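Below, each chain spelled out in residue letters.
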Amino acid sequence: MLIFLFLCLIVFFYWQFKMIRKYSFQYDKFKINIPQRNVCINGETVSFKEIDHICVLELEQPSTTEKAFSKTAYHTYLTKMIFHLKNGTAVSCRFNSKGALYKALKRLQPFVAIYENIEQYKISIFWRIIVFLAFVILGIMWGLSAR
């Protein structure tokens, strides 16, 4: 029985490392330079003047099972920000969290037209508080029932 539990633990840790590699490192290098009025995406510099508008495309999200058993997958929100340029081409940038996407869109909003509701990418702390309180209440109930 102990060997079976040990094997299950090894499989679980292997799966966790796989989730970390799958979701933590899936993003592009993105930097906004406000004084020089440009963005740098994976070493390619694009001026604010060249950008016509920005759209956001949601990519395939982690499954419910992955979110339930992996903290990395739980906090992951895969999106692609697409910069449509005035010359008809597009440059895209991948993000793996809502927070990073929200900050980038908020910083770009005064300078570039954004065809998205930026507030939908704002991280809601309300649900985190509810989940925390549920765990506290369940812990108290479990502690009282053990007496």
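To start, this report covers the structure provided alongside it. (Residues numbered from 1 in each chain as written. Predicted model: local features only at pLDDT ≥ 70, side-chain atom pairs only at ≥ 80, totals over all residues. Heavy atoms only, no water.)

Let's talk about the pairing of strand β5 (residues 79-85)
What counts, and what does not: Exposure classes here rest on a 1.4 Å probe applied to the protein chains alone. A residue is buried below 20% of its type maximum, exposed above 50%, and partly exposed in between. The way it works is that DSSP assigns letters per residue, a run of H or I at least four long becomes a helix, a run of E at least two long becomes a strand, and they are numbered from the N terminus. At least two bridges found by DSSP between two strands are what make those strands a pair.
Among the seven residues that make up β5, five are buried, leaving the element largely enclosed by the rest of the structure. In this sheet, β5 lies alongside strand β4 (residues 51-58) in antiparallel orientation, the contact comprising seven bridges. Residue pairing for β5: Glu 58 is matched across the bridge by Thr 79. Of the strand pairs in this sheet, β5 and strand β6 (residues 90-95) are connected by six bridges, and their pairing is antiparallel. Within β6, the position partnered with Phe 83 by the bridge is Val 91. Between the end of β5 and the start of β6, which pair antiparallel, lie four residues, with Gly 88 showing a positive phi angle near 95°.

Thoughts on the packing of aromatic side chains
Just so we agree on the cut-off: Centres within 6.5 Å are what make two rings of Phe, Tyr or Trp a pair, Trp counting through its six-membered ring; a difference in plane orientation under 30 degrees is then read as stacked, over 60 as edge-to-face, and the rest as tilted. Definition used: whenever NZ (Lys) or CZ (Arg) falls within 6 Å of the ring centre and also within 35 degrees of the ring normal, the charge is taken to sit over that ring.
Under the counting rule described, the total for this entry stands at six aromatic pairs. Taking the centre distance of 6.1 Å and the plane angle of 25° together, the rings of Phe 30 and Phe 83 count as stacked. Linking Phe 30 in strand β1 (residues 30-33) with Phe 83 in strand β5, this pair joins segments that are 53 residues apart in sequence. Ring plane angle 20° and centroid distance 5.2 Å describe the contact between Phe 48 and Phe 111, whose orientation is recorded as stacked. Taken as a pair, Phe 48 in the loop between β3 (44-47) and β4 and Phe 111 in the loop between α4 (98-108) and α5 (126-145) lie far apart in primary sequence, 63 residues in all. With a relative accessible area of 31%, Phe 111 lands in the partly exposed category. Put simply, the rings of Phe 12, Phe 13 and Trp 15 touch in pairs and so form one group of aromatic residues. Stacked on the ring of Tyr 77, the Lys or Arg Lys 98 has its end atom at 4.9 Å from the ring centre.

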